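Single-letter residue listing:
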Amino acid sequence: MDDSATTESATKEAATTGPDWPLDIYRTLKAFGVSQISYVPDAGHSRLIELSHGDGAIKTTVLTTEEEGVALSAGAWLGGDRAALLMQSSGVGNCVNMLSLLASCRIPLLTLVTMRGEWAEFNPWQIPMGKATPQAFEIMGVTVLRLERPEDAAEVVSAAASLAYESDQQVAVLISQRMLGRKKWTETR
Amino acid sequence: MARNFGSLDRRQAVQTLLADRGDLLVVSGLGSSSYDVFDAGDHPANFYLWGAMGGAAMVGLGIALARPQRPVAVITGDGEQLMGIGSLLTIAAHKCTNLSIVVLDNGHFGETGMQISHSGLGARLDLIASGAGIREVTEITDLKGVAEFRGELHNIKDGPRLAIVRIASGHVERVLPPRDGVYLKNRFRENLGLAVT
């Protein structure tokens, strides 16, 4: 076994024995009674998306663009459902005007955003929106929380969910790229 | 000068759609559609959008998913729906059977100076909706057609459906619904039996 194989094996080991943060997020959303989840896919959200689709009590919606999920979350709340919106940082700018709906009506939003463009990024085109992501939310009054460590997932999402559903706030949890790990460009070949 | 695109009076068309509305929940799109829905009779089960252009159909989907036993109608204009055209794909993919979308199509952006819209320039919203996978797509050109579609609005088994209603592009006096979003939200939820806390 050469060194690189050893390292790869150790990394896999850590990945399989470390905290299962998507499951922690899923359980937290369930505990808060979330019954609608919408998403524009991202690799970092793939497990949570699978969990959502596999849960008959959650109405899961795939979107063509992120702002649809903002409007959908508003409708869910009007109808009495709690919703969560999953996206990647590159989609945050798409949401800006639609966020005015939630601010004007004081409707909760919980969005979980996987970050690109901030840590060991390979694709320079991801950098501008990644850098602007917190500000893009903040200019519309959205509270931004950071999730940096997998073991904090349940606590951070729980705090965000309370702020959203109990205090009628719009809240984004940015899931750090460092925590998600480097994108593997060769895995599908 | 605005070209005439259809002949239906928009107010009369919406009044006909909302007659004997029963348990219908209604979302109206930004602009003239909100005035039309308000003019047909204010109701706590109306949610008027005063912004969020392109979002009406998705707000309707969220409500329809939350309330599967209630019929939900989105009443909006061609310009508003065009801005959220992708939402037709999202709605079709969901097969949300209690949702209807009514596009009041005059081929113009009525609120901003009557510029000709993509619909007025030849885009076929009915074909786009069918292509997106919306089950039931209807084009309505007269009041009889509107009255027939009114019955369909209350059918919660066979949606999602979309109707293009060809309305005249003439000016209609503005009738302004309440603009306070928090008020509209609270009365809509209260009407559904949700506590305002």
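The preceding data block contains the structure.
What this report covers is the structure whose coordinates are included nearby. (Residues numbered from 1 in each chain as written. Chains lettered and ligands numbered in written order. Predicted model: local features only at pLDDT ≥ 70, side-chain atom pairs only at ≥ 80, totals over all residues.)

### Notes on the overall build of chain A
- Within chain A one finds eight helices and six strands.
- Counting from the amino terminus, helix and strand elements in chain A follow one another as α-α-β-α-β-α-β-α-β-α-β-α-β-α.
- Looking at chain A as a whole, 46% of its 189 residues qualify as buried.
- For chain A, the share of sequence-separated contacts (at least 6 apart) that also reach a separation of at least 24 residues comes to 76%. (Helix = DSSP H or I, 4+ residues; strand = E, 2+ residues; numbered from the N terminus. Buried ≥ 20, exposed ≤ 12 C-beta atoms within 10 Å, placed from the backbone. Contact = placed C-beta atoms within 7 Å.)

### Thoughts on the packing of helix H1 (residues 10–17) of chain B against helix H2 (residues 32–39) of chain B
Residues and elements named next belong to chain B.
- In contact at an axis separation of 9 Å, H1 and H2 are set at 55° when each is read in the N-to-C sense. Our classification of the angle between H1 and H2 gives oblique. Remark: the crossing between H1 and H2 carries right-handed chirality. Of the residues in H2, those in contact with Arg10, Arg11 and Val14 of H1 are Ser32, Asp36, Val37 and Asp39.
- For the contact of H1 with H2, the class distribution of residues is two nonpolar, one polar and four charged. (Axes fitted to C-alpha atoms, helices over the stretch in contact; angles between N-to-C directions. Parallel < 35°, antiparallel > 145°, perpendicular 65-115°, else oblique. Left-handed = near helix turned anticlockwise from the far one by under 90°. Nonpolar A, V, L, I, M, F, W, Y, C, P; charged D, E, K, R; others polar.)

### Some details on the environment of Gly56 of chain A
All names here are of chain A.
- Along the polypeptide, Gly56 turns up in the loop between helix H3 (46–53) and strand E2 (59–62).
- We classify Gly56 as exposed; it has 6 C-beta atoms within 10 Å.
- Spatially, the C-alpha atoms of Gly56 and Met87 are 21 Å apart, while their sequence positions differ by 31 residues.

### Regarding the interface of chain A and chain B
- Taken together, the contact between chain A and chain B spans 26 residues of the former and 27 residues of the latter.
- Mapped onto the side of chain A that touches chain B, the elements with two or more residues apiece are E2, helix H4 (66–79) and helix H5 (99–105) of chain A.
- Sort the elements by how many residues they give to the side of chain A that touches chain B and H4 of chain A lands first, with nine residues.
- When the residues that make up the side of chain A that touches chain B are grouped by side-chain class, the tally is twelve nonpolar, ten polar and four charged.

### So, H4 of chain A
All names here are of chain A.
- Here H4 is 14 residues long and its end C-alpha atoms lie 20 Å apart, about the 20 Å a rise of 1.5 Å per residue gives.
- The element H4 is largely enclosed, with a buried count of 14 among its 14 residues.
- Just downstream of H4, Gly80 is the residue with a positive phi angle, here 100°. (Expected span 1.5 Å × (residues − 1).)

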